[in-house]
Amino acid sequence: MASSFGKIVVGTYVEIKRSDGRIHQAMVTSLNEDNESVTVEWIENGDTKGKEIDLESIFALNPDVAPDEEIAPSPETPPPPTPTCVKVNKIAKNRRTIAPTKNDTPSRDNRVAPTRARPPQPQQPEPAPPPPSQQPAQPTQAQTQQQLQNARRKSNCVKEVEKLQEKRERRRLQQQELREKRAQEVDTTIPNYEIMYMIRDFRASLDYRPLTTADLIEEHRICVCVRKRPLNKKELTMKDLDVITIPSKDVVMVHEPKQKVDLTRYLENQTFRFDYAFDDSTTNEMVYRFTARPLVETIFERGMATCFAYGQTGSGKTHTMGGDFSGKNQDCSKGVYALAARDVFLMLKKPNYKKLDLQVYATFFEIYSGKVFDLLNRKAKLRVLEDGKQQVQVVGLQEKEVKCTEDVLKLIEVGNSCRTSGQTSANAHSSRSHAVFQIILRRKGKMHGKFSLIDLAGNERGADTSSADRQTRLEGAEINKSLLALKECIRALGRNKPHTPFRASKLTQVLRDSFIGENSRTCMIATISPGMTSCENTLNTLRYANRVKELTVDPNQVMEGGRPNIHTVNQLDLLDDEWLSISPQRDDLKLLCEQNEEEVSPQLFTFHEAVSQLVEMEEQVLEDHRAVFQESIRWLEDEKVLLEMTEEVDYDVESYATQLEQILDQKIEILTELRDKVKSFRSALQEEEQASKQINPKRPRAL
């Protein structure tokens, strides 16, 4: 094989042709016998460069180093004159070998056909003039050797090409098999199988580290966590997709399906971080361990603790707070209510608390459309008033003393059976009110601590403010307003603000003492639905919970939201000043809307104000009507006496007429006053309806 390199040795300078057409000298640094090539190096712009070139290209440009008997000059250059009659031409393109000619004139009979793999048989030379026949035999053997080398060299290239083709074909077959396998796996009845595969591929790249009982329980004044429920029967029947992923103990990911302009579907993966994140396999006991359990000790230290369950209708709020459902029957022993009560009675037995001689009481009431109802007293309607010490009192609320966990379970069962519920698109047995269960510790009649556990109404009802049904409008407005007020009260608690806008809603008004004081702690459990059909409501829930938490962690922006929007203030100044002067509730409502400009447009504020005024006027009208009714009973008794007096033979006619006139004047005065209030109330109803029609549907969003 060494003879095939001709006169080329390491250190020889040869001409090479670059890929851009340039030809220059380079030094040979190594000879490669395996693939019959040489490695050359040269210096360009101060850098040493090199490449590997096959011998054929080297000999074509450097005929002087080629073997004399094998390699001819390049076809691009004219062949040098040869003294002999033998001519050997080598064409790189088709590697055609031509036999020696006679008198330099080729004929058809003395040509050798081109070949690739099989070398041609040496031809018998024609009778020719001297030199003798041994002379042409040497070039014929050289041609045969060169053809063998060319065939070998060509076979190496062919082998590489064949390998590439085999790999390509193998890859195509694998892709085809994968497509066929996926086509067999795809359930054509699933309407969003493309999204399903995108989510599956994305989850395959994640590193899962879920929350476990071994994780430490951190101390938070305000704790915000998220709980994902599994797909329910209705969603499984619809073959809805699970678009929620919880890869670690504090991260929630939402895979929101999107569509480009060219109708290409893709996923927008949004990530949220909270104190804790519970996946769909987490039990109520696990949720309670990290959320409400750390708050139990607070009430024994003369503190106020609050735990909220917040989320869309059907996302698992009542399941978390009240207990597991089996159809419409609820196992109250596995809810946060009962678990908290169990730990309260366990704490009472500890020596340091046993000596305090504490008594445990429980209350259970609901707030529906701005009205408060006692669930432990046949759903009696209650009034919420502020006393002279600015303490909020729920007038008529019954406190039941409880001695053990079983007593608490009985009260929860009674209260749940009375709670206002209705059918919605998300849940056939949906809670439409805020349910507040309170565990109160008293020492010698005085309050020692209070634990409030709240199951909030579905947050998507806050968007029902433009409904044609007034009851749905009022219901949605109250939920929307109470959730905004709740967020601002938690915000004020986390930042130690001097003013808490608790008067903006009945919910925060009732829970006022839970947001005031240094020894107050709050926990929010945001429950979310995993289905793709609930994606928008799930994102709204997560944004709300995320904002509640982020507002407490950035101390550099304590005064954020304190500046009012000038445009909004100008809109508010046009509203009724009379209500402003007589109702501190409007101040808190105005502050609430200024701090949530993104979610509350001026039109929506006007509607909320109309609803609040409507609720106040309704209470006044009902109160006055009750007073008139009681007065009417007295009038009837007086009129009965007058009529009995007329049955006497010699009754005093003048006295009868005078007394009857007085009764009628009183009736006219009181009934006229009541009629005027009813007229104003009807006007307020019309204003509320007009305000609901002017709400911009694009600006406000469900919380």
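The rules behind each value
Residues numbered from 1 in each chain as written. Predicted model: local features only at pLDDT ≥ 70, side-chain atom pairs only at ≥ 80, totals over all residues. Heavy atoms only, no water. Helix = DSSP H or I, 4+ residues; strand = E, 2+ residues; numbered from the N terminus. Buried < 20%, exposed > 50% of the residue type's maximum accessible area, 1.4 Å probe, protein only. Contact = heavy atoms within 4.5 Å. pLDDT = per-residue confidence, 0-100. Phe/Tyr/Trp six-rings, centres within 6.5 Å; stacked < 30°, edge-to-face > 60°. Expected span 1.5 Å × (residues − 1). Pairing = 2+ DSSP bridges. Axes fitted to C-alpha atoms, helices over the stretch in contact; angles between N-to-C directions. Core = buried A, V, L, I, M, F, W, Y, C linked by side-chain atoms within 4.5 Å. Polar contact = N/O pair within 3.5 Å; in protein donor to acceptor, adjacent residues only side chain to side chain.

Per the secondary structure count, the protein includes 18 helices and 22 strands. Burial statistics for the protein: of 703 residues in total, 45% are counted as buried. Pairs at least 24 apart in sequence give 66% of the contacts found in the protein among residues at least 6 apart.

Below, the discussion takes up the confidence of the model for the protein. Predicted confidence across the protein gives a mean pLDDT of 76, with 72% of residues reaching 70 or more. Per-element confidence in the protein ranges from a low mean pLDDT of 34 for helix α14 (residues 566-573) to a high of 93 for strand β9 (residues 276-278). Residue range residues 81-138 is modelled with pLDDT below 50. Its contacts to residues more than four positions away, or to other chains, number 57 contacts. Low confidence marks residues 551-582, where pLDDT is under 50. Its contacts with residues over four positions away, or in another chain, come to 41 contacts.

Quick look at the packing of aromatic side chains now. The final tally for this structure, using the stated rule, is 10 aromatic pairs. On the basis of an interplanar angle of 55° and a centroid distance of 5.1 Å, the ring pair of Tyr276 and Phe290 is categorised as tilted. One end of the pair, Tyr276, is in strand β9; the other, Phe290, is in helix α5 (residues 284-290), and 14 residues separate them in sequence. Residue class for Tyr276 comes out buried when judged on its relative accessible area of 3%. Residue Phe290 is classed as buried on the basis of its relative accessible area, which comes to 1%. Measuring from ring centre to ring centre gives 4.9 Å for Phe300 and Tyr353, while their planes differ by 40°; the resulting arrangement is tilted. Pair noted here: Phe300 is in helix α6 (residues 293-300) and Tyr353 is in helix α9 (residues 351-354), with a separation of 53 residues, a long-range link. Its relative accessible area of 2% is what places Phe300 among the buried residues.

The next point concerns unusual backbone geometry. Positive phi values are uncommon outside glycine, yet Ser369 reaches one of about 55°. Looking at the element boundaries, Ser369 is found in the loop between β13 (359-368) and β14 (371-374). By relative accessible area, Ser369 is classed as buried at 10%. Non-glycine residue Lys444 carries a positive phi angle of around 55°. With respect to the secondary-structure elements, Lys444 resides in the loop between β20 (434-443) and β21 (446-455). Residue classification places Lys444 among the exposed residues on the basis of a relative accessible area of 79%.

This paragraph deals with helix α11 (residues 470-495). With 26 residues, α11 ought to run about 38 Å at 1.5 Å a step, and its terminal C-alpha atoms sit 37 Å apart, in line with that. Buried residues dominate α11, accounting for 22 of its 26 residues.

With that settled, the discussion passes to the sheet that holds strand β6 (residues 244-248). With antiparallel pairing, the three strands of this open sheet are ordered in space as β6-β7-β8. What marks the edges here is a single partner per strand, and that holds for β6 and β8 (265-273). Neighbour to neighbour, the strand axes of the sheet diverge by 30° on average, direction disregarded. Two elements, strand β7 (residues 251-259) and β8, share nine bridges in a ladder whose sense is antiparallel. Paired with Glu256 across the bridge in β8 is Glu268. Together, β6, β7 and β8 form the strand contacts of helix α3 (residues 193-204), whose direction differs from that of β8 by roughly 45°.

The next subject is the nonpolar core. The biggest cluster of nonpolar side chains holds 53 residues, and the ones touching the most others in it are Val252, Phe274, Phe308, Leu456, Leu486, Ile490 and Leu542. Setting aside chain neighbours within four positions, we find Leu542 in contact with Val226, Val252, Val254, Phe272, Phe274 and Ile528. Among the nonpolar cores identified, the runner-up in size contains 50 residues, and Met286, Tyr288, Cys307 and Ile525 belong to it.

Below, the discussion takes up the pairing of strand β22 (residues 520-528). Buried residues dominate β22, accounting for nine of its nine residues. Taking every second residue as pointing to the same face, both faces of β22 are buried, with Ser520, Thr522, Met524, Ala526 and Ile528 on one and Arg521, Cys523, Ile525 and Thr527 on the other. Bridge count for strand β5 (residues 222-228) against β22 is seven bridges, and the pairing is parallel. Among the inter-strand pairings, Val224 is bridged to a residue of β22, identified as Met524. As paired elements, strand β10 (residues 304-311) and β22 share eight bridges and run parallel to each other.

What follows concerns helix α18 (residues 653-693). The periodicity of an α-helix, 3.6 residues per turn, causes residues three or four positions apart to be oriented the same way. Under the 1.5 Å per step criterion, the end-to-end length of α18 is 59 Å for 41 residues, consistent within 8% with the ideal 60 Å. Turning to α18, its buried residues are Ile663, Leu674, Phe681, Ala684, Glu688, Ala691 and Ser692. Where α18 begins, the side chain of Asp652 points an oxygen toward the backbone nitrogen of Glu654, at a separation of 3.2 Å.

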